[in-house]
Amino acid sequence: MKFLDEAKVYIRSGDGGNGCVAFRREKFIEFGGPSGGNGGRGGDVIVEVADGLNTLIDYRYQQHFKAPKGVNGMGSDRHGANGKNIVMKVPLGTQIFDEDRETLIHDFTEVGETFVLAKGGNGGFGNAHFKTSTNRAPRNANPGLPGEERWIWLRLKLIADAGLVGLPNAGKSTFLSVVSAAKPKIADYPFTTLHPQLGVVGIDGREFVLADIPGLIEGAHEGAGLGDRFLGHVERCRVLLHLVDATSEHAGKEYKTVRTELEAYDENLADKIEIVALSKIDAVTPEHLKDQKARLKRAAKKTPLLLSSVSREGVPEALRALLSVIGEAPVSAKAKKATENPANEEPEQPSGWTPLGR
């Protein structure tokens with residue numbers, strides 16, 4: 001299935017049915033009176049998170065979603081039926097933006113979560129509704145209200161516990177294939193990974209989801225290479241594993257290149273907890289490895305982990321380092337603020353105060 005993380009969609013909820021003007025015409029009933037029914041309500045457009053989806057590919061082939069209108073009211077006090085709701089299924093982590101691509105309408109973070117994106121129009125009243133003690137034969141009815149229509153953008157941000165970042169050919173796909181059952185494309189040329197990949201990693205009896213993001217190069221925030229369009233998928237990650245190629249010319253410079261792109265994309269992304277690791281250590285001499293480790297330590301201001309995905313040296317240590325912070329790191333900047341200032345925190349009570357009844 002082709003990966004698609006963004007789609008533009010047109011939605012329209014159903015119009016309400018019109019009210020009816022009708023009168024009873026029955027034998028032996030001298031004063032029949034009004035009998036026009038109300039119109040039915042138009043259908044809603046509802047978005048629901050479905051388990052098992054991981055792409056928005058369905059919205060490439062169908063971009064228009066229109067709910068049916070409500071049925072008009074009829075005589076003999078018959079009300080029109082409501083229009084049927086339509087439900088759009090989206091994967092977990094989908095965000096809905098307005099047509100300007102900036103105004104966030106809703107963010108889905110739980111499986112089964114639903115959101116009414118466009119409400120159907122109310123049905124109009126029939127003339128039976130307007131009957132009063134002084135107006136015994138009203139000849140007016142209301143038309144149904146129109147539904148809502150708009151263009152929206154669906155944007156998918158994969159939800160993973162940890163994310164892999166680094167320059168192209170830093171060994172991210174190889175690392176993911178070794179620690180999980182994922183089968184990403186691996187080759188000896190840049191930009192082998194064209195779309196984000198997910199894998200479930202198990203270590204010490206625990207599991208977490210690891211995301212492999214296509215490589216960044218200098219100027220990615222300006223569109224160089226594949227650009228930074230996939231960086232949104234690591235915004236929800238709790239921790240980042242930054243892989244730096246030990247066979248490169250200068251590990252410190254490569255590290256700073258990626259950090260610059262992260263900061264240019266989003267300050268909150270650059271503030272995430274980061275574990276730095278020097279990869280492909282089996283492909284360099286001990287002297288070169290020592291120099292690269294020192295360069296990377298100076299650039300990152302922390303001692304990097306050493307690992308080789310081929311020989312699996314240092315891989316368990318890297319996974320345990322990720323696992324140690326996944327349980328305590330906030331998922332996003334929003335979650336971080338909620339952690340610092342819990343909404344349900346009880347206010348301080350004056351001294352001597354006791355709960356009622358104690």
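Here the structure is a predicted model, which means the values were calculated and not measured.

About the cut-offs
- Residues numbered from 1 in each chain as written.
- Predicted model: local features only at pLDDT ≥ 70, side-chain atom pairs only at ≥ 80, totals over all residues.
- Heavy atoms only, no water.
- Helix = DSSP H or I, 4+ residues; strand = E, 2+ residues; numbered from the N terminus.
- Contact = heavy atoms within 4.5 Å.
- UniProt positions renumbered as here; feature names shortened; annotations may be inferred.
- Expected span 1.5 Å × (residues − 1).
- Buried < 20%, exposed > 50% of the residue type's maximum accessible area, 1.4 Å probe, protein only.
- Arc of directions from axis to C-beta.
- Pairing = 2+ DSSP bridges.
- Axes fitted to C-alpha atoms, helices over the stretch in contact; angles between N-to-C directions.
- Salt bridge = Lys/Arg side-chain N within 4 Å of Asp/Glu carboxyl O.
- Left-handed = near helix turned anticlockwise from the far one by under 90°.
- Nonpolar A, V, L, I, M, F, W, Y, C, P; charged D, E, K, R; others polar.
- Core = buried A, V, L, I, M, F, W, Y, C linked by side-chain atoms within 4.5 Å.

A. Inspection of the overall build of the protein at higher detail. From N to C terminus, the protein includes 7 helices and 14 strands. If you take every contact in the protein between residues at least 6 apart in sequence, the share linking residues at least 24 apart comes to 73%.

B. Region of interest: the UniProt feature "binding site: Mg(2+)" (unreviewed entry) in the protein. Mapped onto this structure's residue numbering, the UniProt feature "binding site: Mg(2+)" (unreviewed entry) falls at Ser173 and Thr193. Tracing the chain through its elements places Ser173 in helix 2 (residues 172-179).

C. Structural view of helix 5 (residues 286-300). Compared with an ideal rise of 1.5 Å per residue, which puts 15 residues at 21 Å, helix 5 spans 21 Å between its outermost C-alpha atoms and is within 8% of the ideal. Among all positions of helix 5, only Leu289, Gln292, Leu296, Ala299 and Ala300 are buried. Relative to the axis of helix 5, the buried residues are bounded by an arc of 95° and lie together on one face. Across from the buried face of helix 5, at angles greater than 90 degrees, the exposed residues are Pro286, Glu287, Lys290 and Arg298. Close packing links the buried residues of helix 5 with strand 12 (239-245), helix 3 (251-265), strand 13 (273-279) and strand 14 (305-306). Just beyond helix 5, the residue with positive phi is Lys301, at close to 60°.

D. Here's a closer look at helix 2. Buried residues dominate helix 2, accounting for 6 of its 8 residues. Of the positions making up helix 2, those classed as buried are Lys172, Ser173, Phe175, Leu176, Val178 and Val179. On its buried face, helix 2 sits against strand 9 (162-165), strand 10 (197-203), strand 11 (206-212), strand 12 and helix 6 (315-326).

E. Quick peek at the sheet that holds strand 4 (residues 86-90). Ordered by their spatial adjacency, 3 strands build an open sheet running 4-2-7, and the pairing between neighbours is mixed. Strands with a single pairing partner mark the edges of an open sheet, and in this sheet they are strand 4 and strand 7 (114-118). Taken pair by pair, the neighbouring strands of this sheet meet at an average axis angle of 30°, ignoring direction. Bridge count between strand 2 (residues 45-49) and strand 7: 4 bridges; the pairing is antiparallel.

F. Layout of the pattern of salt bridges. Within the structure shown, the criterion is met by 13 salt bridges. Glu99 is the partner of Lys8 in a salt bridge, and the nearest nitrogen-oxygen pair spans 3.9 Å. Of this pair, Lys8 sits in strand 1 (residues 6-12) while Glu99 sits in the loop between strand 5 (94-98) and strand 6 (104-107), placing them 91 residues apart in sequence. Given the relative accessible area of 33%, Lys8 is considered partly exposed. Overlapping salt bridges, with partners in common, bring together Glu6, Arg101 and Arg155 in one network.

G. Molecular detail of the packing of helix 3 against helix 5. At their nearest, the axes of helix 3 and helix 5 sit 7 Å apart, and the two run at 35° to each other. The way helix 3 lies across helix 5 gives a crossing that is right-handed. When helix 3 is examined against helix 5, the residues Ala251, Gly252, Tyr255 and Lys256 are found in contact with a partner set consisting of Gln292, Arg295, Leu296, Ala299 and Ala300. Split by residue class, the contact of helix 3 with helix 5 holds 5 nonpolar, 2 polar and 2 charged.

H. Structural view of the sheet that holds strand 1. Pairing in this open sheet of 5 strands is mixed, and the strands run 3-1-8-5-6 from one edge to the other. Two strands close off the open sheet at either side, each with one partner strand: strand 3 (64-66) and strand 6. Strand after strand, the sheet turns through a mean of 25° between neighbouring axes, direction not considered.

I. View of the nonpolar core. Membership of the largest hydrophobic core comes to 25 residues, with the highest contact counts inside it found for Phe175, Phe208, Leu210, Leu319 and Leu322. Contributions of two or more residues to this core are made by strand 9, helix 2, strand 10, strand 11, strand 12, strand 13 and helix 6. If one sorts the elements of this core by residue count, helix 6 sits on top with 8 residues. With sequence-adjacent residues up to four places away left out, Leu319 is seen in contact with Phe175, Val179, Val201, Ile203 and Phe208. In this structure, Val9, Val49, Val90 and Phe108 belong to the second largest nonpolar core, which totals 23 residues.

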